[in-house]
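# Structural description and commentary
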Amino acid sequence: RVTERIDAEDVPIPFETVYEAAADMEIDTLVEASSGSGGVLQRRTRVRLENGVEVSRTPDGEVVTVVPVNRVLRYGTNIVVRTIDTPSGPVEYWRKANMRVTSYTATSAGKNPGEPGYGITASGVQAGTGVVAVDRSVVPFRSYVYVPGYGVGFAGDTGGGIRGRMIDLGYDEDEYRSWHGYVDVYFLGPPPPAEDIRWILP
C-alpha cells in the first residue's frame, strides 16, 4: 500500500537593516524609521510511504507566507559649522566625536633614533607635538582636529592599533604627557567632500 503526504516546515526569514540618508537631519543623528519584522518561508516536502514506512522525501516547493519588513535607519547628512573657543582663539568645527585617546612619541612608536624611518609619520612629516594618529576612515587624513587640553593637531599619522574612534596624540620627547580614557575631538573646517565623509561612525 503506497501513500503520500505533504510535510510543511516554516523557516524564519530575518529582516535586513537598511540605511537612508536624511538631508533634514544633522550629521551624527541616527533615527529608526521602521523597526523591521521577520518573515516566514514555508518549505514543502512530499513524503512517500509504503505500508506506512517512509521510503523517500522529495522537495515540493517553497513559498513566502509572511514577507519580511526591513528595519530602516535614517542618518543625518546636514553639516552645521559651529565655533569653539580655545586658548588660541575661536576655531570652527563641523563635527564632534567622542574618541578613545592615547599618546605617543617618535621613540614609543617602535623605532630607535638612527634607524631608517625613525620619526617619519604616514604623511611624511616628523612625529611630535601637533601631529596625531587617526583611523583615516573616521578622521579625514591630513585634516586638522582640536582636542581640549592638547590643542590643534594635524591628522598626519596612522597606526596598526588605531582603529575606529581612536586618536593617538603625538608629543616631542621632552613634552610627553600620558593620555588615556576618552576625549571630545573637534573636526576643524572646512568639511571635506561628501564622498570622503564617513557618515556613520563606528
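This text follows the structure it describes.
Quantities reported herein were computed from a predicted structural model and do not represent experimental measurements.

Rules used in this analysis
- Residues numbered from 1 in each chain as written.
- Predicted model: local features only at pLDDT ≥ 70, side-chain atom pairs only at ≥ 80, totals over all residues.
- Heavy atoms only, no water.
- Patch = residues over 30% accessible without salt bridge, like charges linked within 9 Å, V, L, I, M, F, W, Y side chains within 5 Å.
- Areas by Shrake-Rupley, 256 points an atom, 1.4 Å probe, with all protein chains shown as cover.
- Salt bridge = Lys/Arg side-chain N within 4 Å of Asp/Glu carboxyl O.
- Helix = DSSP H or I, 4+ residues; strand = E, 2+ residues; numbered from the N terminus.
- Buried < 20%, exposed > 50% of the residue type's maximum accessible area, 1.4 Å probe, protein only.
- Phe/Tyr/Trp six-rings, centres within 6.5 Å; stacked < 30°, edge-to-face > 60°.
- Lys NZ or Arg CZ within 6 Å of the ring centre and 35° of its normal.

## Re a nonpolar patch on the surface
Residues Tyr 19, Leu 30 and Ile 200 make up a contiguous nonpolar surface patch of about 280 Å² in total accessible area. As for its position among the elements, Ile 200 is in the segment after strand S13 (182-188). What makes Ile 200 partly exposed here is its relative accessible area of 32%.

## What to know about the packing of aromatic side chains
Geometry of an aromatic ring pair is reported as the spacing of the ring centres plus the angle between the planes. With the rule as written, the count across this model stands at six aromatic pairs. Look at Trp 94 and Phe 187: their rings are 5.6 Å apart centre to centre, the planes differ by 90°, and that puts the pair in the edge-to-face class. Of the two residues, Trp 94 is situated in strand S8 (residues 89-104) and Phe 187 in strand S13; the sequence distance between them amounts to 93 residues. Residue Trp 94 is classed as buried on the basis of its relative accessible area, which comes to 4%. According to the relative accessible area criterion, Phe 187 is buried, its value standing at 2%. Both rings, one in Tyr 146 and one in Tyr 186, keep their centres 6.2 Å apart while their planes meet at 45°; by these two values the pair is tilted. Taken together, the residues span a long stretch of sequence, with Tyr 146 in strand S10 (residues 144-147) and Tyr 186 in strand S13 at a distance of 40 residues. Classification of Tyr 146 by relative accessible area gives buried; the value is 7%. Chaining the aromatic ring pairs together yields one cluster made of Tyr 93, Tyr 146 and Tyr 186. In this arrangement the basic side chain of Arg 136 is found over the ring face of Phe 141, its NZ or CZ atom lying 4.0 Å from the centre.

Function cannot be inferred from these measures alone, as they are strictly geometric.
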